[in-house]
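Architecture and fold: a report
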Amino acid sequence: MEIRESAEKGTRFSIEEAHDADIGQNSVQKYNLQKNDNFILVVDNSKVELVLEDKLDREKQQIINLLLTASDGGSPQRSGTVVIHVTVLDANDNAPVFSQAIYKASLPENSALDTLVVTVSATDADDGLNGEVTYDFGHVSGENEKIFTIDRRKGEIRLIGTIDYEEASSFELRVKAKDGLGLTSYSKVIIDVTDVNDNAPMIFLQSLNSAIPENVPPGTEVGIINVQDRDSGNNGQLHCSVQENVPFKLVPSIKNYYSLVTTRQLDRELVSDYNITITATDEGSPPLSSSKSVQLSVSDINDNPPVFEEHSYSAYVTENNKPGSTLCSVTARDPDLRQNGTVIYSLLPGEVNGAPVSSYLSVNGDTGVIHAVRSFDYEQFRSFKVHVMARDNGSPPLSSNVTVSVFITDINDNSPQILYPAPEGNSFMTELVPKGAHGGSLVSKVIAVDADSGQNAWLSYHIDKSTDPGLFSIGLHSGEIRTLRDISESDSMKQNLIVAVKDNGQPSISATITLYLLISDNLAEVPELKDMNHDENNSKLTSYLIIALVCVSTFFLTFIIIILGVRFCHRRKPRLLFDGAVAIPGAYLPPNYAEVDGTGTLRSNYNYDAYLTTGSRTSDFKFVRSYNDNTLPADQTLRKTPTDFADVFGDSDRSPEQKQLKNDPLLEGNI
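Nothing here was measured: the structure is a model prediction, and the numbers come from that model. (Residues numbered from 1 in each chain as written. Predicted model: local features only at pLDDT ≥ 70, side-chain atom pairs only at ≥ 80, totals over all residues. Heavy atoms only, no water.)

**Some remarks on the sheet that holds strand β20 (residues 238-242)**
Convention followed: When DSSP finds two or more bridges between a pair of strands, those strands are recorded as paired. Put simply, DSSP H or I for four residues or longer makes a helix, DSSP E for two residues or longer makes a strand, and each gets a number counted from the N terminus. What counts as an axis is a line fitted to C-alpha atoms, over the stretch in contact for a helix, and the angles between N-to-C directions run from 0 to 180 degrees.
Strand order in the open sheet formed by four strands is β18-β24-β23-β20, and the pairing between neighbours is mixed. Bordering the open sheet on either side are β18 (211-213) and β20, each of which pairs with just one other strand. In this sheet, adjacent strand axes meet at a mean angle of 30° when their direction is disregarded. Taken together, the three bridges between β18 and strand β24 (residues 289-299) define a ladder with parallel strand orientation. The partner of Ala211 across the bridge, within β24, is Ser297.

**Brief notes about the sheet that holds strand β13 (residues 148-150)**
Across the sheet, three strands lie side by side as β10-β14-β13; this open sheet has antiparallel pairing. Both edges of this open sheet fall to β10 (116-119) and β13, since each of them pairs with a single strand only. On average, adjacent strands in this sheet sit at an angle of 20° to one another, irrespective of strand direction. Relative to strand β14 (residues 156-159), β13 runs antiparallel, the two being bridged by three bridges. From the neighbouring strand, Ile150 faces β14, where its bridge partner is Ile157.

**Some details on the confidence of the model for the chain**
Counted only if it meets this: The pLDDT value tells you how sure the predictor is about a given residue, anywhere from 0 up to 100. By definition in these notes, contact holds between two residues if any of their heavy atoms fall within 4.5 Å.
Looking at the chain, pLDDT values average 80 and 80% of them are 70 or higher. Note on residues 530-536: pLDDT is under 50 here. Beyond four places in sequence and across chains, it has two contacts. Of the regions scoring below 50 in pLDDT, residues 574-671 engages in 115 contacts with residues more than four places distant in sequence or in other chains.

**Topic: the nonpolar core**
For soluble globular proteins, the rule of thumb is that nonpolar side chains tend to be buried together. As a reminder of what qualifies: Residues enter a nonpolar core if they are buried and are Ala, Val, Leu, Ile, Met, Phe, Trp, Tyr or Cys, with the set joined through side-chain atoms within 4.5 Å. In this scheme, a residue with accessible area under 20% of its type's maximum is buried, one over 50% is exposed, and one in between is partly exposed, where area comes from a 1.4 Å probe on protein chains only.
Judged by nonpolar contacts, the single largest core of 29 residues is most densely connected at Leu361, Ile370, Phe376, Phe384 and Val404. Secondary structure elements with two or more residues in this core: β26 (312-318), β27 (326-329), β29 (343-347), β32 (361-363), β33 (369-372), β34 (383-392) and β35 (399-409). Setting aside its immediate chain neighbours within four residues, Phe376 contacts Val317, Glu319, Asn320, Asn321, Tyr360, Leu361, Phe381, Phe384 and Ile408. Counting residues in hydrophobic clusters, the runner-up holds 25 residues, among them Leu107, Val118, Ala122 and Leu173.

Put into structure tokens, the structure is as follows:
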């Protein structure tokens, strides 16, 4: 050290503290300065200073050697000594002064070489050589000397080596400032290395189920993932995820561990294999990420029934088909694998028109081809439905059904049936055509039907043969027979028409009928029909007379029996009898009257209505209705007492009124 003699008593001179690689109690604990006449040692907060106790006198002593000892607190105690050579100079009483006692700097890891870290600055109040300051490092380790350098004139500390936050997060340097005459001062530089996101995350697959059954419930764990990042802070904070189009997600468990679980029901028939990409991303700026692919396969279970290609099937077969002919084919698909996807076809039990469905159709169990067992008739039934079942070979087996509608198409195998005029045995149908019929007049109509359908049932009418071809025509589709011209006197009274009814099938089938037409205003004019009409009228009249005779006889006997019974009752209780008459309105039948209705089989002048009482003391006989001008009016009532009835049927005494009634042949006949 060079100290000017102008130094004042009490002036302090800083010296570099001792350095001990040990730490704690084993580091430097105390200093000891060999006793001398001018200096004492002052240690304050690891700051070591020589304090001038007596002023220097260069003329007495130009060089002073001081022995300084530094001791640690270890056991055994270790110490180090240094000789301080003090050169007394002329008066340079100002040492360099740093602008900061401690300099702090921040440097990102992996910074480029020659990067300026920090600039230290110290000033000296002296002029000239005494005020020129130079910079240098104090005691530094060999490793730090390879990383940092200082400009002796400018005080710039620059980077000359590579720094890595993951190896060293901070550096501490001692910087010395010295003036031209040797005065020095010291400052501390602390350099913090900031972390740079220079390490990508790492993904480790701890466990994985390579085959997953498709019926596992959502939330099933299929693997465990571990992620790591060497960076710190936000650069080491990680997020893991999988792509969005897969039914899996990552669920955090413990630190940096994730569980790979399912999010929904899996379906092997839709997706049988999954390529899952796991991505880990840190929170650095810019963020770094890494990915890892995981292969997962889904194993099959029998969870799909066979599905028919169509919702329903329709089969068309021509009637009179051959047994064993193919109607249609049904097809069902099962997306499951192996035996779970093998399909077998069968007919479900049922009836068609009261017969088992198996008597109509059969189905091939392997191919689904449906065959006809019998021949079909369109006129018996036109369609029917059956149900076909498709079943797989899984355990348990699954099945589905489909409806097959069978439509029987018509062929022209039925001839037209003529409904009118209806040919019945040997009888014939005769139509009467008025003599005054004009052209276009409707004479008759042929009505026919065909059991076939479609164009096979389209009927057309034709006159194959006629007595007078130019007199009558028939509507092609209506069957109406009309006159082509006015009827003349020269036309034959009897006209015969042979009408053919044809269908529109291929080949066409027809039926014929013969119509008999009579040109006359009255059937009686036809000689051939007079005798037949007369015989018919006589036969009918004879039948009517027989029926009338039986009815009158029965009624008369019943009436006699009733009169005799009434007379017998009146003789036993004569006081109960009294004269009276009850007029019965023509439109009213009293409740205590019983009707004995006429049979209506007699000729009109013999028909009458009679009402007899069932419990009254008088008997009334009333002509309720008049059938011709010779009968009594409807409001005339004959009043008779029981005595009068007795006189009629046996007594010889008659009143004048009774005698008049008996002498009247009309009344007597009606009675």
